[in-house]
Structure formats: structure tokens, C-alpha cells
Amino acid sequence: MKLLFLGDVMGRAGRRAITENLPRLRQEWKLDFIVINGENATSGIGLSGAHAKTLLEAGADCITLGDHAFDQKDMLRFIEQEPRVIRPLNFSKAAPGKGARLFTAQNGRKVLVAQALGQVFMKRPFDDPFSALEPVLKAHPLGGQAAAVIVDMHCEATSEKMAMGHFCDGRASLVVGTHTHVPTADAMVLPGGTGYLTDAGMCGDYNSVIGMEKSEPLRRFITGMPKERFTPAAGEATLSGVYVETDDRNGKAKRIVMVRNGGLLQGAAP
């Protein structure tokens, strides 16, 4: 299978890059399944139902969220109506929606997508992501009903993302980090056959401070004093993420390539 995961969509610039490029990339790269992290797609904070529809209509087969999952209040209701949007497994036991789901790809094969939130340096005390993910992986062994398994590890610490990669090695097709908005350069296939990337980066304008217009973040770093709200940068966005090809016999990764399309970053493609 040919899988594409795109990192955090940041505001209008990120949404525009998705709608203008994803349908073409799906055809050119013959993609079987596409996952997008959309938790910053609405004004840089959360995802609205309307913007979730925009990403799905552009070609996303699944949208993952994150620690800002329900900052847009209509998502509380929308996620119950739209199974293609999932929130973190360990967000809250009372949260609506699901943290993992089995999807049917365009080629008819099943793909499990799961998301977990990290604990290190996060502002809220989330439950243990490893114990939350373990029963999901056990219930969907790679190469069985699930022809591919994709895990989105949404957290700050690179060490925690790496630990999750090794925890899932041999049991997932891809473990990819999100949340920091900066793509890392460590795409690899782990010894057990799991594709891994510490952070997919963002789909947003990189002439910014992690996707936000530069002036207000700079002011706060220099003076320690806030003056205005953060607003997403609106220049040309780079689509950032990772492409994985899996072995049809066992669902393990055969090939992994970083993806950077458009905008300021140097291009990378399968």
C-alpha cells in the first residue's frame, strides 16, 4: 500500500495548500490512503466541522486531532457524526468520538489509524499513551485484518515520540510524530519493520514562528509581554509529511520518504 501522512494543518494557508495540491498528489503518487493532522486548521487553534469537511473533500481519508481537539466547540458534536475524524485515545474518558478506528482504503484493504497524546512537557496531565495504545495494537495485529497500521504520536518531546516508535516496532506500518510544527530529518524503517519519523512538520507558512505571524511571538520572547492574539501566517504553505510503502504480505514498511511540497522548504517527494 502507498500511504501519505501530512502534519499539522495551520490556518487558512495550510487549508489552501491541501485543497490546491492534495487531489493532484493522490493521482501522481497513486496513494491508497491519506491521513492529515488537522488540529490547527481553524485559526491555528482546533478544527471546526466546516474546515474538517474541506480537508475530507480534498482527499483526506482520516483526520487526526490533538491537544486542541475540542477548542472549536462544534467539534464536540461533529466528531460523533463524522467517523473519519479521530481524537487522541487518552484525551479524556468522557470525550466524544474515538481514538482509533479501522478504515477501508480505496483499494478495499483495511487501515487502522490511532492517535495518542504524550505526557512530557504537555500543559495538561493526559493518561499514559503507551497503555492506552497497547490494547488497540493487540486487537488489530498488523498483517491481519489491518493491512496497515498508522499511529500519530502527538507530543512535545522527541524522546517520547522515539520511545513510541520502538514500542510499536513490528506492530505498526508507520509511527509519526506531530505537534511541534517542525519537520525532522530522521525518516527510517525501524528494525522490526515500522516506518518512523519524529515529526511530520506542519502544512503551513514557514515564514513564521511555528505557523504564526512573527511579530507577536517575537514581542513576547523579547519583552515577556503579550499585546495581541497570535494569528496564523498567511503566505504560501509547504505541505510537510511522510510517504510510506508497505509490504502487502505483512503490512510492514518497505520504504519511507519525507514529503515537502511548495512554500519555502526544500522539496522532497517519493
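Here the structure is shown first, and the text comes after it.
Note that the structure is predicted; figures quoted are calculated from it, not measured.

Visitor: Looking at this model, I keep getting lost on the state of the cysteines. Mind explaining?
Guide: Cysteine pairs can be linked by a disulfide, which is a covalent bond between their two sulfur atoms. Overall, the coordinates contain 0 disulfides when judged by the stated rule. Residue C203 stays outside any disulfide, its sulfur separated by 14 Å from that of C62, the closest cysteine. According to the relative accessible area criterion, C203 is buried, its value standing at 0%.

Visitor: Can you help me understand the side chain of T238 in this one?
Guide: Position of T238 among the secondary structure elements: in the loop between helix 6 (215–223) and strand 13 (239–246). Overall, the relative accessible area of 0% leaves T238 in the buried class. Reaching out from T238, the side chain makes a polar contact with the backbone nitrogen of L264 at a distance of 3.3 Å. Apart from the residues within four sequence positions on either side, T238 is in contact with M202, C203, G204, Y206, R260, N261, G262, G263, L264 and L265.

Visitor: Teacher, can you tell me more about helix 2 (residues 49–58) here?
Guide: The periodicity of an α-helix, 3.6 residues per turn, causes residues three or four positions apart to be oriented the same way. Among all positions of helix 2, only G49, H51, A52, L55, L56 and A58 are buried. If you follow the buried residues of helix 2, they end up packed against helix 1 (11–28), strand 3 (33–37), strand 4 (62–64), helix 3 (75–81) and strand 5 (85–86). Phi turns positive, to about 135 degrees, at G59, one or two residues after helix 2.

Visitor: It is not clear to me how helix 5 (residues 158–168) should be interpreted in this structure. Could you clarify?
Guide: Burial in helix 5 covers these residues: E160, K161, M164, G165 and C168. Down the axis of helix 5, the buried set is contained in an arc of 145 degrees. They therefore lie on one face. Where helix 5 is buried, its residues meet helix 4 (129–139), strand 8 (146–154), strand 9 (174–178) and strand 11 (195–197). Immediately beyond the C-terminal end of helix 5, within one or two residues, lies G170, with a positive phi of roughly 90 degrees.

Visitor: How should a nonpolar patch on the surface be read in this particular structure?
Guide: Taken together, the side chains of L218, F221 and I222 present a nonpolar region at the surface, about 390 Å² in accessible area. Residue position: F221 is located in helix 6.

Visitor: Sorry if this is basic, but what is going on with the pairing of strand 7 (residues 110–117) here?
Guide: Side-chain positions along a regular strand alternate between the two faces of the sheet. Judged by how many residues are buried, strand 7 sits mostly within the fold: 7 of 8 residues are covered. What sits between strand 6 (residues 100–104) and strand 7 in their antiparallel hairpin is a turn of 5 residues, with G108 showing a positive phi close to 90 degrees. As defined by bridge partners, strand 7 adjoins strand 8 across 8 bridges and the pair is classed as parallel. Residue pairing for strand 8: Q115 is matched across the bridge by D152. Taking the sense of rotation as the criterion, the β-α-β connection linking strand 7, helix 4 and strand 8 turns out right-handed.

Visitor: Would you explain the side chain of S173 in this entry?
Guide: Mapped onto the elements, S173 comes out in the loop between helix 5 and strand 9. For S173, a relative accessible area of 0% gives the class buried. Aside from chain neighbours lying at most four places away, what touches S173 is L3, L142, A147, A148, V149, T194, G195, V244, T246, G251 and A253.

Visitor: Can you walk me through the layout of surface pockets in this structure?
Guide: Over the atoms, a rolled probe matching the size of one water molecule traces out where space is still vacant. Of the volumes computed, that of the largest pocket is approximately 870 Å³. Contributing to the lining of the largest pocket are 28 residues, with H68, K123, H179, I210 and F230 lying nearest its centre. The element contributing the most residues to the lining of the largest pocket is helix 6, with 3 residues. Within the lining of the largest pocket, the residues separate by chemical class into 12 nonpolar, 8 polar and 8 charged.

Visitor: I would appreciate a short explanation of the packing of aromatic side chains in the present structure.
Guide: Two aromatic rings are characterised by how far apart their centres lie and by the angle between their planes. Tallied over the entire structure, the rule returns 5 aromatic pairs. Seen in terms of ring centroids, F33 and F103 are 5.9 Å apart; in terms of plane orientation they differ by 50 degrees. Their pairing is tilted. Of this pair, F33 sits in strand 3 while F103 sits in strand 6, and the two are 70 residues apart along the sequence. Of the two residues, F33 and F103, neither departs from the other in class, the shared state being buried. Seen in terms of ring centroids, F91 and F126 are 6.0 Å apart; in terms of plane orientation they differ by 35 degrees. Their pairing is tilted. Pair noted here: F91 is in the loop between strand 5 and strand 6 and F126 is in the loop between strand 7 and helix 4, with a separation of 35 residues, a long-range link. Each member of the pair, F91 together with F126, is buried.

Parameters at a glance
- Along each chain, residue indices are assigned from 1 in the same order as the chain's sequence is written.
- Two thresholds apply to this predicted model, a pLDDT of at least 70 for residue-level local features and 80 or more for giving and counting side-chain atom pairs, whereas whole-chain, interface and lining totals are computed over all residues.
- The side-chain values count all of the structure's non-hydrogen atoms but skip hydrogen atoms and water molecules.
- Our working definition of a disulfide is a cysteine sulfur pair at a distance within 2.5 Å.
- We call a residue buried when its accessible area falls under 20% of the maximum for its residue type, exposed when it is over 50%, and partly exposed in between, using a 1.4 Å probe and counting protein chains only.
- Helix and strand assignments follow DSSP, with helices taken as H or I runs no shorter than four residues and strands as E runs no shorter than two, numbered in order from the N terminus.
- Identification of polar contacts relies on pairs of N or O atoms within 3.5 Å, with a donor-acceptor requirement for protein atoms, meaning one able to donate a hydrogen and the other able to accept it, and with residues adjacent in sequence counted only if both atoms are side-chain atoms.
- Contacts: residue pairs with any heavy atoms within 4.5 Å of one another.
- The arc under discussion is defined with respect to the helix axis, by the directions toward the C-beta atoms.
- Patches were defined on residues exceeding 30% relative accessible area and lacking a salt bridge, with like-charge contacts within 9 Å and nonpolar side-chain contacts (Val, Leu, Ile, Met, Phe, Trp, Tyr) within 5 Å.
- Using the Shrake-Rupley algorithm and a 1.4 Å probe, accessible areas are obtained, with residue cover drawn only from the displayed protein chains.
- Any carboxyl oxygen of Asp or Glu that lies within 4 Å of a side-chain nitrogen of Lys or Arg is treated as forming a salt bridge with it.
- In this scheme, strands are said to pair when DSSP sees at least two bridges between them.
- The path from the first strand over the helix to the second decides the hand: if it runs clockwise while the strands point away from the viewer, the crossover is right-handed.
- The rule is simple: put a 1 Å grid over the protein atoms alone, call a set of points where a 1.4 Å probe fits but cannot get out a cavity, call an open set with protein on both sides within 12 Å along at least five of seven lines a pocket, and count a residue as lining if it has an atom within 4 Å of a point.
- Grid points are joined across faces, edges and corners, and a volume is the space filled by probe spheres set on the points.
- Think of it as three bins: nonpolar holds Ala, Val, Leu, Ile, Met, Phe, Trp, Tyr, Cys and Pro, charged holds Asp, Glu, Lys and Arg, and polar takes everything else, Gly as well.
- Note on ring pairs: Phe, Tyr and Trp rings are taken, using the six-membered ring of Trp, and paired if centres are within 6.5 Å. Classes follow the plane angle, with under 30 degrees stacked, over 60 edge-to-face and the rest tilted.

Function cannot be inferred from these measures alone, as they are strictly geometric.
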